[in-house]
Amino acid sequence: MIYRFEELEIDMREMVVRLGGESLPLKPRPFALLGYLVENRDRIVSKTEIMDAVWDGRAVSDAALTTAVRDIRRAIGDENSTDSLIRTFYGRGLRFMALDDADVTQIVTEPAVESRTRPSTVAILPLDFLSSDLESKLVAESVADSVIAQTSKFGLIRVLARNSAFSLHGQGLTVKDIGERLTADYIVEGSLRQLSTGARITTQLIEVASETHVWTDSFDLSSFHLYDGQEDIATTIATSVITLIYEHECKRAQARAFDDLTAWEAYCLGYAAVCTLDHRKQDEAVRMLERAIELEPTFTEAYATLAYAYCVQYRAIRGSPEESTLTGRMSPHRLKALQLAQRAIALDARIPFAWVALARCLEALGEIDNAISAAQKALRINRNLGWAHILLGRCYLLKNQPDNALEAFERGERTSPQDSLRLVIICGKALAYILLDQHEKAVAASRLAQLMPNAGLMAHLGEVCALGHLGEKDAAAEAILRARIPEPEFGPDLVDQEYPMPDPVARRKIMKGLRLAGLMETPEMGNA
């Protein structure tokens, strides 16, 4: 759908805004806000509705909304107008001010999305150095080198070699020219500018076909020596680029019919569903990933991601006839997941996510030491793989090693842009704080987790348990009521079922906190 209002054109499919035919730089979140306001131009849209629609229900500050509105106004030249297109109604919300519906032209476009038969290719260019000194030039190239090295370790997304990417830099070519010459789908470019206190790096990810920005961000190097801190910045850029390319490819694939999907497109849709870590979305993940494997039987990443999907899905089928087996035997669901992970490693043991999938399977089977070894193998291939750090943290919790768990979760936090992974990290940190008797920190972490999408049992466990240890019975009773909104059966038995703690000391501490909060185990469970 394309909306036109005078010279303003909003292309919802291509996610681009044009004014007088020229594309305007607008980040994804302000674009989503603008599109939502135009779609609902017949009324005032409240802040609560905007947060649900544009920020997926996450609790964000008023400043975030104000910034998004300011970015829209700045992009469309609406900043100083007394008759603003984006009108604020104080205490009520925002509205896109078309005089009447006839002022806005709607053009329905066919989803002419070109199929992608291969994984995406990205070219990472050296930063433009906006100063003449040699150190800036060396740092600009060094950052790009580091981003290339780190991005290439994730596998699947193709990263062009340094010499190929650098060869066209500084020749005054457009993004489309560079993309066509290098056969790249995405370009990463940016600049380094010296400041009085250090330097600022600005970088952006651009899709070649549409010549639109997918992402942009800036980072400050405050050290006297510019080389200090650049590795952390390169890590953030690399992990963001990989995550955002997958997200963008997923949006492209959503415009195509299931039977028309290529293996790569089906994989992107399946991977996106797995990344939610929501067991209710894993049926769709399995469907897409099985389709990818059907189309490309040696698709290593598809096998690994499908194994992970089965592990997430397992929660939904516990106790069902499918899961029930003879005593002492592995359930068919877990056996299938393990076989898929092993198949992925047999196809290509250099793919780090294959080892992550194996680690997840082994953790589910209670083979914690072997799961730790598999996660460490993944990190030897790619030290910035957030999934592996998070699995290490979970395993260390199960072994009652909270200090090691916190270290792993904090590394995962630095390398995991996805919100769903941040939820797992924050919940894990809350449990680690409980095991360390840092109960106030556990309450704070748990309450933060509850603000995130898909917050369930684990987001509430830390708060209830910690408040029990703190002796705050009234607050604990309120926390239990909140926990039973997403999980009506919240209590020790469900915690033992969903997150069994094999270490007896750790289990006793968790169960004691729940008991002090006013929750009791069944006799059978308590004696187990």
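Described below are features of the structure shown in this document. Note that this is a predicted model, so its numbers are computed, not measured.

Conventions used here
Residues numbered from 1 in each chain as written. Predicted model: local features only at pLDDT ≥ 70, side-chain atom pairs only at ≥ 80, totals over all residues. Heavy atoms only, no water. Helix = DSSP H or I, 4+ residues; strand = E, 2+ residues; numbered from the N terminus. Buried < 20%, exposed > 50% of the residue type's maximum accessible area, 1.4 Å probe, protein only. Contact = heavy atoms within 4.5 Å. Areas by Shrake-Rupley, 256 points an atom, 1.4 Å probe, with all protein chains shown as cover. Salt bridge = Lys/Arg side-chain N within 4 Å of Asp/Glu carboxyl O. 1 Å grid on protein atoms, 1.4 Å probe; cavity = no way out; pocket = protein on both sides within 12 Å on 5 of 7 lines; lining within 4 Å. Points joined across faces, edges and corners; volume = space filled by probe spheres on them. Nonpolar A, V, L, I, M, F, W, Y, C, P; charged D, E, K, R; others polar. Expected span 1.5 Å × (residues − 1). Arc of directions from axis to C-beta. Core = buried A, V, L, I, M, F, W, Y, C linked by side-chain atoms within 4.5 Å.

It is worth spelling out the overall build of the protein at this point. In terms of helices and strands, the protein carries 22 helices and 13 strands. Considering the protein as a whole, with its 528 residues, one finds that 52% of them fall into the buried category. Of all intrachain contacts in the protein linking residues separated by at least 6 positions in sequence, the fraction that spans at least 24 positions is 59%. Carbon and sulfur atoms form 49% of the exposed surface of the protein, whose accessible area is close to 24,400 Å².

We now examine the pattern of salt bridges. Enumeration over the complete set of coordinates arrives at 21 salt bridges. For R43, the salt bridge goes to E49, with nearest N and O atoms at 2.5 Å. Close ionic contact of E284 with R287 constitutes a salt bridge, the shortest N to O distance being 3.3 Å. Residue E284 and its partner R287 are both found in helix α9 (residues 282–295); the two are separated by three residues, about one turn of the helix. Look at R287 and you get partly exposed, because its relative accessible area is 38%. Each of E141, D145 and R162 takes part in one network of salt bridges that share partners.

Another point: empty space enclosed by the protein. Where empty space is left in the structure can be found by rolling a water-sized probe over the atoms. Applying the stated criterion across every chain, the model contains three cavities of 30 Å³ or more. Within this model, the largest cavity holds a volume of roughly 250 Å³. Lining the largest cavity are 21 residues, and of these F154, I242, Y271, L385 and W387 sit closest to its centre. Listing elements by their share of the lining of the largest cavity, those giving two or more residues are α7 (230–254), α8 (263–275), α10 (300–317) and α14 (386–398). For the lining of the largest cavity, the element with the most residues is α7, which contributes four residues. Broken down by class, the residue content of the lining of the largest cavity amounts to 11 nonpolar, nine polar and one charged. Around the second largest cavity, the lining residues are I124, L125, L127, V143, A144, V147, V188, E189, G190, T203 and I237. Among the elements of the structure, α4 (134–152) and β11 (186–195) are those that each provide at least two residues to the lining of the second largest cavity. Looking at side-chain class alone, the lining of the second largest cavity contains eight nonpolar, two polar and one charged residues.

Right, let's get into helix α15 (residues 402–414). Under the 1.5 Å per step criterion, the end-to-end length of α15 is 18 Å for 13 residues, consistent within 8% with the ideal 18 Å. Taken residue by residue, α15 has P402, A405, L406, A408, F409 and G412 as its buried positions. Viewed along the axis of α15, the buried residues span an arc of 165°, placing them on a single side of the element. Along α15, exposed side chains directed more than 90 degrees from the buried face belong to D403 and R414.

On to the nonpolar core. The biggest cluster of nonpolar side chains holds 151 residues, and the ones touching the most others in it are L205, Y246, Y267, V356, W387, I510 and L514. Sorting elements by how many residues they give to this core places helix α16 (residues 419–435) first, with 12 residues. Ignoring any residue separated from it by four or fewer positions in sequence, one finds I510 in contact with L431, I434, L435, L461, C465 and V495. Counting 28 residues, the second-largest nonpolar core is a separate cluster that includes L26, L34, Y36 and I86.

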